[in-house]
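Summary of the model geometry
Chain by chain, the residues:
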Amino acid sequence: MGELVLAAKVTHVPSMFISEQDGPHHGCRDAAIEGLKRIGNLCKEREVDTIIIADTHWLVNAGFHINAKPDMSGIFTSTEFPHFLSNMSYKHIGDPELGQLIAECATNNGVPTLCHYEVDTLDVQYGTLVPLRYMGIEDDIKVVSIAGWMYDAELEESKALGEAIRQAIEKSDKRVAFLASGSLSHRIPPNKIVGDYLFKISRPFNQSVDLMVLDLWQRGQVNEFLDMLPKYAKDCDGEGGMHDTSMLFGLLGWRDYEGCAEIYTDYFPSSGTGQCNVVFPVI
Ligand SMILES: [Fe+2]
């Protein structure tokens, strides 16, 4: 029987890429990079076969979608932040077997989901590629990327997809990590001033709520968090509507989950948004 061996909420800010480069921002995201490296090391220590990533940069308009194409290699430039993230090479391999099993379980549970593994031109988005880069993962561990930005789906549907992901993992023979790749609050400031906000939050209110959420997660107050999740996602502009987070808690057991999260990178603002790396014990 397969096993979920790691679950985490992770950042994918493209400023990590400029942090790597020489120049005025060199080293500016060291803490985020270090947190992802530690999560990558955990994947290796726990002998993970496949990493599933709910990617809030993959927007879908109809149904849930999975990218599990065998050859996930190429060179990526962000269309949103080309000045931060350009010509990033990557080399990953998909896991069509697990991707199809997830789609089958989800569809059987009433959440129509398609797994794409024969469409070579279906690009992988940076919510998947950036965390993997800093985790130090290439083709040593397989990848399943799941669209985590649903245009008009209910969070309940993403919860059900998370539950189906757990079922599929347990039906498989694999050791699996799940990453919810998205921010906490996600209000990018207006264009005229966004350049001043690389290291600042857009609204103090958002930061206060983000910190409260992290506190709830660390104390294992899952019910309190789930009660506020729909309003939090809306009022604080949660990235991708926080469907990645809904999948994460669906996977972990929703209101039955009693784990206390561990912070791997302290909360930090980036281009107005609230970011973190947090590991949730699998119980
Ligand atoms: Fe993002």
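Details of the structure are given in the entry above.
This text gives an overview of the structure that appears in the document.

**Points about helix α2 (residues 30-45)**
The end-to-end C-alpha distance of α2 is 22 Å, a good match for the 22 Å that 16 residues give at a rise of 1.5 Å each. Among the residues of α2, Ala 32, Ile 33, Gly 35, Leu 36, Ile 39, Gly 40, Leu 42 and Cys 43 are the ones counted as buried. A positive phi of about 50 degrees marks Glu 47, the residue just after α2.

**Comments concerning the coordination of the iron ion**
The protein atoms donating to the iron ion are His 12 (NE2), His 57 (NE2) and Glu 239 (OE), with metal-donor distances spanning 2.0 to 2.1 Å. Going along the chain, you hit the donors of the iron ion in the pattern H-x44-H-x181-E. Of the two residues, His 12 is situated in the loop between β1 (3-10) and α1 (15-20) and Glu 239 in the loop between α7 (222-235) and α8 (243-252); the sequence distance between them amounts to 227 residues. One exposure class covers both His 12 and Glu 239, and it is buried.

**Comments concerning the pairing of strand β7 (residues 142-150)**
Looking along a regular strand, one sees side chains alternate from face to face of the sheet. Extensive coverage of β7 is indicated by the burial of seven of its nine residues. Judged from the eight bridges that link them, strand β2 (residues 50-60) and β7 form a sheet pairing that is parallel. Looking at β7, one finds that Ile 52 is bridged to Val 144. When strand β3 (residues 64-67) meets β7, the two strands line up antiparallel, connected through two bridges. Within β7, the position partnered with Ile 66 by the bridge is Ile 146.

**What about the sheet that holds strand β6 (residues 113-116)?**
Within a beta sheet, neighbouring strands are joined by backbone hydrogen bonds and run either parallel or antiparallel to one another. Spatial ordering of the open sheet is given by β6-β3-β7-β2-β8-β1-β10-β9, a layout of eight strands whose pairing is mixed. A single partner strand is all that each edge strand has here, and the edge strands are β6 and β9 (262-270). Each adjacent strand pair in this sheet contributes to an overall mean axis angle of 20 degrees, direction not counted. Relative to β6, β3 is paired through four bridges, and the arrangement is parallel. Within β6, the residue paired with His 65 across the bridge is Leu 114. Against the sheet, helix α3 (residues 96-108) contacts β2, β3, β6, β7 and β8 (175-181), and its axis sits at roughly 170 degrees relative to β6.

**Observations concerning the pattern of salt bridges**
Applying the stated criterion across every chain yields a total of 12 salt bridges. One salt bridge connects Lys 91 with Asp 139, and the closest N-O pair in it is separated by 3.5 Å. Highlighted residues: Lys 91 in strand β5 (residues 88-93) and Asp 139 in the loop between α4 (126-135) and β7, separated in sequence by 48 residues. Exposure remark for Asp 139: the relative accessible area of 37% places this residue in the partly exposed category.

**Some points on unusual backbone geometry**
The backbone of Met 242 sits at a positive phi, close to 65 degrees, despite the residue not being glycine. Here Met 242 lies in the loop between α7 and α8. Residue Met 242 is classed as buried on the basis of its relative accessible area of 0%. The phi angle at Ser 271 is positive, at roughly 50 degrees, despite the residue not being glycine. Take Ser 271: it is sitting in the loop between β9 and β10 (273-280).

**Section: the side chain of Asp 95**
Inspection of the secondary structure assignment puts Asp 95 in the loop between β5 and α3. Looking at Asp 95, its side chain comes within polar contact range of the side chain of Lys 174, at 2.9 Å. Once you skip the residues sitting within four places of it in the chain, Asp 95 turns out to touch Thr 50, Ala 68, Lys 142, Val 143, Val 144 and Lys 174.

The rules behind each value
- Residues numbered from 1 in each chain as written.
- Predicted model: local features only at pLDDT ≥ 70, side-chain atom pairs only at ≥ 80, totals over all residues.
- Heavy atoms only, no water.
- Helix = DSSP H or I, 4+ residues; strand = E, 2+ residues; numbered from the N terminus.
- Expected span 1.5 Å × (residues − 1).
- Buried < 20%, exposed > 50% of the residue type's maximum accessible area, 1.4 Å probe, protein only.
- Donors = N, O, S within 2.8 Å, 3.2 Å for Na, K, Ca; no water.
- Pairing = 2+ DSSP bridges.
- Axes fitted to C-alpha atoms, helices over the stretch in contact; angles between N-to-C directions.
- Contact = heavy atoms within 4.5 Å.
- Salt bridge = Lys/Arg side-chain N within 4 Å of Asp/Glu carboxyl O.
- Polar contact = N/O pair within 3.5 Å; in protein donor to acceptor, adjacent residues only side chain to side chain.

Purely spatial values, then, with no claim about function.
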